[in-house]
Amino acid sequence: VQLQASGGGLVQAGGSLRLSCVASGTRFSALSLGWYRQAPEKEREFVSAISKAVGFTYYADYAESVKARFTISRDNAKNTAYLEMNNLRPEDTAIYFCAARSGGSSHDMRSYDYWGQGTQVTVSS
């Protein structure tokens with residue numbers, strides 16, 4: 001499985017970005033997807049996750065710091081997960097990574113089997 005993250009960039013505080021994560025090499029609909037970020041000199045932290053389908057329902061989860069500002073979604077037809085980021089703050093500056101696993105969604109990065117290369121998000125004040 002290969003994951004390719006994109007969509008990062010430089011934005012002013014209060015602005016928006018949409019990150020994309022394209023997966024290849026497996027049946028995308030069977031994957032749960034997660035977004036993590038790592039700021040300079042900080043540990044990688046959970047941002048958001050979206051489950052594979054449970055019946056017809058996908059479950060999304062967010063870190064407290066991004067709730068009501070970030071939205072995770074997926075398009076199985078395009079093998080792509082998205083992270084819509086609004087009202088960005090300087091403290092959101094980090095490299096953002098997407099990850100995938102075969103089980104349900106999780107906060108625990110150790111449970112993810114596959115990782116993308118990361119995309120830089122920089123928010124200026």
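Residues numbered from 1 in each chain as written. Predicted model: local features only at pLDDT ≥ 70, side-chain atom pairs only at ≥ 80, totals over all residues. Heavy atoms only, no water.

**A closer look at the side chain of R69**
For clarity, the threshold we go by: Secondary structure is summarised from DSSP: a helix means a run of H or I of at least four residues, a strand means a run of E of at least two, and numbering begins at the N terminus for each. Between buried and exposed lies partly exposed: a residue is buried under 20% and exposed over 50% of the maximum accessible area for its type, with that area taken using a 1.4 Å probe on protein chains only. Polar contact criterion, stated in full: a pair of N or O atoms within 3.5 Å, where within protein one must be able to donate a hydrogen and the other to accept it, and residues adjacent in sequence count only if both atoms are side-chain atoms. Residue contacts follow a heavy-atom distance rule, with two residues in contact if any of their heavy atoms lie within 4.5 Å.
Structurally, R69 can be placed in the loop between β6 (60-62) and β7 (70-75). Take R69: its relative accessible area is 5%, and that puts it in the buried class. Here D92 takes part through its side chain, which lies 2.7 Å from a polar atom of the side chain of R69. With near-sequence residues (within four places) excluded, R69 lies in contact with E84, M85, N86, N87, L88, R89 and D92.

**Examining the nonpolar core**
Note the cut-off: We call a set of buried residues a nonpolar core when its members are Ala, Val, Leu, Ile, Met, Phe, Trp, Tyr or Cys and they connect through side-chain atoms within 4.5 Å of each other.
Counting 34 residues, the largest nonpolar core has W35, F70, L83, M85 and Y96 as the members making the most contacts within it. Residue assignment for this core shows that the elements contributing at least two residues are β1 (2-6), β3 (17-24), β4 (32-38), β5 (45-50), β7, β8 (80-85), β9 (94-101) and β11 (119-124). Per element, the largest residue contribution to this core is five residues, and it comes from β9. Residue contacts for Y96: discarding those within four places in its chain leaves L19, W35, Y36, R37, V47, F70, L83, M85, G118, T119 and V121.

**Considering the pairing of β7**
Stated formally: When DSSP finds two or more bridges between two strands, those strands count as paired.
The side-chain alternation of β7 yields one buried face, formed by F70, I72 and R74, and one unburied face, formed by T71, S73 and D75. Alignment of β7 against β8, held across six bridges, turns out to be antiparallel. Looking across to β8, one finds that I72 is bridged to L83. Hairpin connection of β7 to β8: four residues between the antiparallel strands, including N79 at a positive phi of 55°.

**Some thoughts on the state of the cysteines**
Cysteine pairs can be linked by a disulfide, which is a covalent bond between their two sulfur atoms. Test applied: Disulfides are defined as pairs of cysteine sulfur atoms found within 2.5 Å of each other.
Considering all chains together, one arrives at one disulfide under this definition. Shown here is the disulfide that connects C21 with C98, its sulfur atoms set 2.2 Å apart. Taking the torsion about the sulfur-sulfur bond, which here is approximately 70°, the covalent link between C21 and C98 counts as right-handed. Within this pair, whereas C21 is found in strand β3, its partner C98 is found in strand β9, the two being separated by 77 residues in sequence.

**A closer look at the sheet that holds β1**
Test applied: Helix axes are fitted only over the stretch in contact, all axes being lines through C-alpha atoms; the angle between N-to-C directions runs from 0 to 180 degrees.
Spatially, four strands are ordered β1-β3-β8-β7 in an open sheet, and the strand pairing comes out antiparallel. Every other strand in the sheet has two partners, leaving β1 and β7 as the edge strands with one partner each. Taken over all neighbouring pairs, the strand axes of this sheet differ in orientation by 15° on average, direction set aside. Relative to β8, β3 runs antiparallel, the two being bridged by six bridges. Within the sheet, the bridge partner assigned to S20 lies in β8 and is Y82.

In short, the description is geometric, and any link to function would need to be established separately.
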